[in-house]
Amino acid sequence: MNLATANMNVQTPIQVDVVGMSCASCVGRVERAIRAVPGVKSASVNLATERAEISFTEPVAIAEVLSAIRNAGYGARTESVELAVEGATCASCVRRIEQALKRVPGVLDATMNLATERALVSAAGGMVRIQDLLAAIEQSGYSARPVAAENPEDLQAEARDREARSLSRALTLAAVLTLPIFVVEMGSHFVPAIHDFVMLHIGMQESWYLQMVLATIVLFGPGFRFFRKGVPALLRGGPDMNSLVALGTAAAWSYSAVATFAPAVLPRGTANVYYEAAAVIVTLILLGRYLENRAKGRTSEAIKRLVGLQAKTARVVRDGETVEISLDQVQVGDFLVVRPGDKVPVDGEVVEGSSYVDESMITGEPVPVAKSSGAGVVGGTINKTGAFTFRATKVGADTVLAQIIRMVEQAQGAKLPIQALVDKVTAWFVPAVMLAAAATFLVWLFFGPTPALSFALVNAVAVLIIACPCAMGLATPTSIMVGMGRAAEMGLLFRKGEALQTLKSADVIAMDKTGTLTKGRPELTDLIPAAGFGRDEVLGLVAAVETRSEHPIGEAIVAAAKRDELVLPPVEDFDATPGFGAKALVAGRKVHVGADRLMAKLGLDVSAFADEVGRLGDEGKSPLFAAVDGKIAAVIAVSDPIKQTTIEAVNRLHELGVKVAMITGDNRRTAEAIARRLKIDEVVAEVLPDGKVQALENLRAGGRKVAFVGDGINDAPALAAADVGIAIGTGTDVAIESADVVLMSGDLRGVPNAIALSKATIRNIKENLFWAFAYNTVLIPVAAGALFPAYGLMLSPMIAAGAMALSSVFVLGNALRLKRFRAPMKFDAVRADGNGRLAAAE
């Protein structure tokens with residue numbers, strides 16, 4: 001293969017699928033190998049996702065990275081994509097197309113066959129999107145379409161299934177061959193009838209021959225995978241878990257072979273065989289690998305479900321006809337037809353027809369949403385009743401569903417700060433275990449009871465087998481994967497994995513007011529009519545005046561009238577006075593709307609509304625007055641109302657022991673009035689947009705960790721500066737991109753839910769790490785024979801193998817418990833607007 005020298009973008013980290021890793025020491029070895037490549041800034045390998053995330057300081061050829069991974073003894077998955085190319089007519093066309101494809105980051109090789117008009121592209125697994133390949137060809141002046149567009153997630157699932165089938169076959173064969181060895185050898189020790197049968201009908205020496213044949217097949221058949229990976233790693237000076245198994249089983253088998261065929265070589269009384277130990281160890285570890293493989297698959301179920309929401313094909317209007325094409329061929333601006341029962345292929349805006357769309361798979365809301373001309377639709381949702389045509393506005397990686405999948409994948413592959421301890425330990429763990437095994441062998445050989453050599457061998461093998469660092473390597477990433485997947489199902493997107501650990505320790509949750517605590521748009525909150533006037537009467541007259549105004553307060557009053565389906569009379573002689581208000585002639589009646597100073601200017605007394613004015617002021621609202629035909633008609637208040645769920649969310653945060661602060665540009669009186677209603681602990685008022693970062697620094701006084709919740713463009717610096725930035729999904733793209741966590745709805749109850757999930761996930765990780773470290777701390781000395789002098793107890797290598805397999809399965813099983821995490825607060829569903837942004841369901 002001609003490895004292309006496609007340069008990687010320095011600004012954008014890449015992800016490469018790595019195969020062949022089995023434990024935490026493998027992770028460390030792959031990371032060190034990648035970091036050694038000139039130009040690589042950092043490398044973070046996740047054992048659970050089997051993926052490496054790499055960032056660069058300068059352009060680097062992807063081939064060099066893959067070569068480094070292979071030289072370390074592991075593999076990097078590659079995938080092939082076949083494209084049908086149109087417009088190529090000569091050899092120069094072929095060369096131009098091949099060069100264009102090779103320039104796409106992640107492409108290893110590309111060949112074009114002019115006769116078949118097909119291009120075959122080889123790429124690093126998980127790095128190249130078909131859309132990028134098609135775009136490269138189109139920019140060269142040609143057109144192309146995928147012949148067989150394979151989904152990387154499908155490829156990964158297929159690879160995992162192949163590995164599961166291989167392990168299943170190996171486990172079955174090993175178990176069938178190991179059972180007779182176990183029965184003959186161990187049965188002879190514990191069941192007199194079996195011992196008598198072996199001695200009378202088989203013979204002791206012959207039974208050893210039989211055990212050797214069966215054990216040899218087990219070790220160098222199903223168990224050869226441990227030697228194939230472990231021995232080269234050992235020879236390179238970087239032993240891993242496979243090396244431990246290979247050394248332990250080979251030592252037991254070799255010693256037994258000598259005892260079988262050359263017993264005179266061994267000291268008197270030490271000619272014992274341990275074929276059953278070698279065979280049972282291989283079988284039990286294969287069982288552990290098989291269970292681990294199945295559990296690993298379950299940790300990524302959230303991503304599989306999200307990917308499964310995507311449609312495979314789309315019905316597009318081309319040249320006046322509706323044709324069915326692959327989803328990869330849909331372009332922005334295409335008109336797509338959706339029939340009853342169809343999945344909506346991509347994001348877009350309805351242009352014709354109407355229907356109800358089930359958005360529950362993305363939003364969680366069970367009630368289908370009405371869609372008509374102008375409404376936004378989201379790819380992956382299901383059309384229910386009618387048919388409609390919509391224009392594609394977001395395709396491929398730009399759709400809401402693709403954004404969610406990408407966010408979850410990136411967060412699942414993250415390394416938390418807590419992982420640093422594990423990395424330091426596992427860097428020296430396997431070599432230390434080998435030294436411990438060697439020391440165990442020597443101590444028992446020189447100081448152990450007779451037969452010393454047998455005791456030395458058994459205990460050394462037990463140490464090698466018991467000390468598997470698999471559980472250490474899986475403890476953190478599996479919990480992160482399951483936790484992040486559960487968060488996505490709850491409408492919480494952790495864009496940065498570090499936030500998962502930091503959020504649980506937040507001391508203060510600081511919130512922007514407008515759009516976060518409040519709805520973000522003015523609404524008519526109060527209209528109290530004077531005696532002799534009706535509410536609808538006054539609202540209709542005032543709204544009629546405000547139809548001529550462009551002020552946000554006027555828009556709120558008009559919106560309220562429309563919501564109440566009031567018919568607004570015609571308006572004449574409209575006039576507005578800045579700082580005072582507006583007047584007009586409405587259906588022959590003189591109407592004035594404005595502040596108390598306008599009423600005073602008109603000579604009208606507003607003292608009758610003193611109590612209402614005081615109450616509105618305490619609530620942080622600014623009252624307005626309406627006068628009709630020279631009489632006070634009503635007091636009106638328009639404000640940005642607090643979201644219904646805000647009080648509940650703040651109360652829950654207090655229950656979690658978290659202080660709540662509000663940062664706002666409002667005047668202090670209004671801010672403190674809102675704070676009293678919400679029981680907010682700290683208020684930072686009259687803050688200009690560029691002062692929010694300084695406000696956060698002040699809140700950090702005393703070493704407190706501060707999370708900031710916001711939604712606007714002016715919140716982006718604060719979101720980035722906070723220990724954890726939490727963006728409201730209804731906000732701007734800039735705010736969302738600056739945040740560590742995204743609440744897919746505008747519901748603040750997602751904040752306590754995110755904190756609760758953070759605490760549950762970190763608690764789960766600590767449980768896993770405790771088990772992994774405690775397991776090795778306690779059982780390695782036991783395997784070395786520490787209990788033998790006092791209690792006469794020794795740990796059989798077979799039991800050691802079973803315990804080792806159990807440790808990994810236990811860690812995975814404990815991580816999977818997070819799938820059952822229940823949000824302490826049920827929050828509103830979400831949907832997306834026509835621009836493809838995440839938006840709350842109202």
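Bear in mind the structure is a predicted one, so any value in this text is a computation, not a measurement.

Enquirer: Can you walk me through the overall build of the protein chain in this structure?
Expert: Scanning the protein chain from N- to C-terminus turns up 30 helices and 32 strands. Across the 842 residues that make up the protein chain, the buried fraction comes to 54%. Considering only contacts within the protein chain whose residues lie at least 6 apart along the sequence, 70% involve residues at least 24 apart. Accessible surface for the protein chain amounts to roughly 35600 Å². Of this, 56% is attributable to carbon and sulfur atoms.

Enquirer: Quick question: what am I supposed to make of the confidence of the model for the protein chain here?
Expert: In low-pLDDT regions, the fine details of the predicted coordinates are not to be read closely. Residues at a pLDDT of 70 or more form 83% of the protein chain, whose mean pLDDT is 80. Note that residues 1-7 has pLDDT below 50 and, in this model, 27 contacts with residues that lie over four places away or in other chains. In this model, residues 828-842 is a region of pLDDT below 50 whose contacts with residues beyond four sequence positions or in other chains number 57 contacts.

Enquirer: Just checking my understanding: could you explain the packing of aromatic side chains for this structure?
Expert: Applying the stated criterion across every chain yields a total of eight aromatic pairs. On the basis of an interplanar angle of 85° and a centroid distance of 5.6 Å, the ring pair of Phe220 and Trp253 is categorised as edge-to-face. With Phe220 in helix 7 (residues 204-220) and Trp253 in helix 9 (residues 241-261), the pair connects residues that are 33 residues apart, well separated along the chain. Look at Phe220 and you get partly exposed, because its relative accessible area is 39%. The ring of Phe580 carries Arg597 above its face, with NZ or CZ at 6.0 Å from the centroid. Over the face of the ring belonging to Phe580 we find Lys601, whose NZ or CZ atom lies 5.0 Å from the ring centre.

Enquirer: I'm lost on the UniProt feature "transmembrane region" (unreviewed entry) in the protein chain in this one. Help?
Expert: In the numbering used here, UniProt assigns the "transmembrane region" (unreviewed entry) feature to residues 170-188, 208-224, 244-266, 272-291, 425-447, 453-476, 769-788 and 794-816. Within the segment residues 208-224, helix and strand shares are 82% and 0% respectively, and the terminal C-alpha atoms sit 22 Å apart. End C-alpha to end C-alpha, residues 769-788 measures 28 Å, and it is 85% helix and 0% strand.

Enquirer: Explain the sheet that holds strand 28 (residues 706-710) here, please?
Expert: Hydrogen bonds along the backbone pair up the strands of a sheet, which may run parallel or antiparallel. Taken together, the seven strands give an open sheet; going across it, the order is 18-30-29-28-19-26-27, and neighbouring strands pair in mixed fashion. Each edge of the open sheet is held by one strand with a lone partner, namely strand 18 (492-494) and strand 27 (682-684). Along the sheet, successive strands turn relative to each other by an average axial angle of 20°, direction set aside. Pairing geometry for strand 18 and strand 30 (residues 741-743), over three bridges, is antiparallel. Paired with Leu493 across the two strands is Val742, which belongs to strand 30. Packing of helix 25 (residues 692-699) onto the sheet brings it into contact with strand 19 (508-512), strand 26 (659-663), strand 27 and strand 28, and relative to strand 26 it is tilted by some 155°. Along the sheet, helix 28 (residues 750-784) contacts strand 18, strand 19, strand 28, strand 29 (724-728) and strand 30; its crossing angle with strand 18, the most-contacted strand, is approximately 55°.

Enquirer: Help me understand the sheet that holds strand 16 (residues 382-383) in this model?
Expert: A sheet is described by the order of its strands in space; here three strands give the open sequence 14-13-16, paired in antiparallel fashion. Because the sheet does not close on itself, it has two edges, and the strands there are strand 14 (369-371) and strand 16. Relative to strand 16, strand 13 (residues 355-358) runs antiparallel, the two being bridged by two bridges. Residue Asp358 lies in a different strand from strand 16, and its bridge partner there is Ile382.

Enquirer: Just checking my understanding: could you explain the packing of helix 15 (residues 452-466) against helix 28 for this structure?
Expert: When two helices pack together, their arrangement is given by the angle between their axes and by how far apart the axes lie. Orientation of helix 15 relative to helix 28, taken along the N-to-C sense of each, is 165°, at an axis distance of 8 Å. One element, helix 15, and the other, helix 28, form an angle in the roughly antiparallel class. As helix 15 runs across helix 28, the sense of the crossing is right-handed. Residues Asn459, Ala462, Val463 and Ile466 of helix 15 pack against Tyr775, Asn776, Leu779, Ile780, Ala783 and Ala784 of helix 28. Residue composition of the contact of helix 15 with helix 28, by class: eight nonpolar, two polar and no charged.

Enquirer: When you look at the nonpolar core in this model, what are you seeing that I'm missing?
Expert: Side chains that are nonpolar tend, in soluble globular proteins, to be buried together. Counting residues in hydrophobic clusters, the biggest one holds 104 residues, and the most contacted among them are Phe494 and Ile509. It is helix 28 that contributes the most residues to this core, nine residues altogether. The next biggest cluster of nonpolar side chains, apart from the first, holds 59 residues, and it includes Leu167, Leu177, Val282 and Ala803.

Enquirer: Is there a simple way to explain the environment of Gly691 in this structure?
Expert: With respect to the helices and strands, Gly691 occurs in the loop between strand 27 and helix 25. Given a relative accessible area of 22%, Gly691 falls into the partly exposed group. Between the C-alpha atoms of Gly691 and Thr664, which are 27 residues apart in sequence, the distance is 10.0 Å.

Enquirer: Is there a simple way to think about the side chain of Asn383 in this case?
Expert: By secondary structure assignment, the location of Asn383 is in strand 16. Residue class for Asn383 comes out buried when judged on its relative accessible area of 1%. Within the local environment of Asn383, its side chain forms a polar contact with the side chain of Ser355, the two groups lying 2.4 Å apart.

Enquirer: Looking at this structure, how should I read a nonpolar patch on the surface?
Expert: Together, Leu442, Val443, Phe446 and Phe447 give the surface a local cluster of nonpolar side chains, amounting to about 480 Å² of exposed area. Note on placement: Phe447 falls in helix 14 (residues 419-447). Note on Phe447: relative accessible area 70%, which makes it exposed.

Enquirer: Where do I start with the pattern of salt bridges in this structure?
Expert: A complete count under the given rule lists 19 salt bridges for this structure. Across the pair Arg391 and Glu349 runs a salt bridge whose closest N-O atoms are separated by 4.0 Å. Separated by 42 residues along the polypeptide, Arg391 in strand 17 (residues 388-394) and Glu349 in strand 12 (residues 347-353) bring together distant segments of the chain. Arg391 gets classed as partly exposed once you look at its relative accessible area, which sits at 30%.

Enquirer: Could you clarify how one ought to interpret unusual backbone geometry in this entry?
Expert: Where the residue is not glycine, phi is negative for most of them; where a peptide bond is considered, it is trans in most cases. The step from Thr450 to Pro451 runs through a cis peptide bond, and the omega angle for that step is -5°. Although it is not a glycine, Asp319 adopts a positive phi angle of roughly 55°. Within the secondary structure, Asp319 is located in the loop between strand 9 (313-318) and strand 10 (321-326). The class of Asp319 is exposed, set by a relative accessible area of 83%. Even without being glycine, Ala587 reaches a positive phi, approximately 50°. By secondary structure assignment, the location of Ala587 is in the loop between strand 22 (581-586) and strand 23 (589-594). Owing to a relative accessible area of 53%, Ala587 belongs among the exposed residues under this scheme.

Definitions and limits used
Residues numbered from 1 in each chain as written. Predicted model: local features only at pLDDT ≥ 70, side-chain atom pairs only at ≥ 80, totals over all residues. Heavy atoms only, no water. Helix = DSSP H or I, 4+ residues; strand = E, 2+ residues; numbered from the N terminus. Buried < 20%, exposed > 50% of the residue type's maximum accessible area, 1.4 Å probe, protein only. Contact = heavy atoms within 4.5 Å. Areas by Shrake-Rupley, 256 points an atom, 1.4 Å probe, with all protein chains shown as cover. pLDDT = per-residue confidence, 0-100. Phe/Tyr/Trp six-rings, centres within 6.5 Å; stacked < 30°, edge-to-face > 60°. Lys NZ or Arg CZ within 6 Å of the ring centre and 35° of its normal. UniProt positions renumbered as here; feature names shortened; annotations may be inferred. Pairing = 2+ DSSP bridges. Axes fitted to C-alpha atoms, helices over the stretch in contact; angles between N-to-C directions. Parallel < 35°, antiparallel > 145°, perpendicular 65-115°, else oblique. Left-handed = near helix turned anticlockwise from the far one by under 90°. Nonpolar A, V, L, I, M, F, W, Y, C, P; charged D, E, K, R; others polar. Core = buried A, V, L, I, M, F, W, Y, C linked by side-chain atoms within 4.5 Å. Polar contact = N/O pair within 3.5 Å; in protein donor to acceptor, adjacent residues only side chain to side chain. Patch = residues over 30% accessible without salt bridge, like charges linked within 9 Å, V, L, I, M, F, W, Y side chains within 5 Å. Salt bridge = Lys/Arg side-chain N within 4 Å of Asp/Glu carboxyl O.

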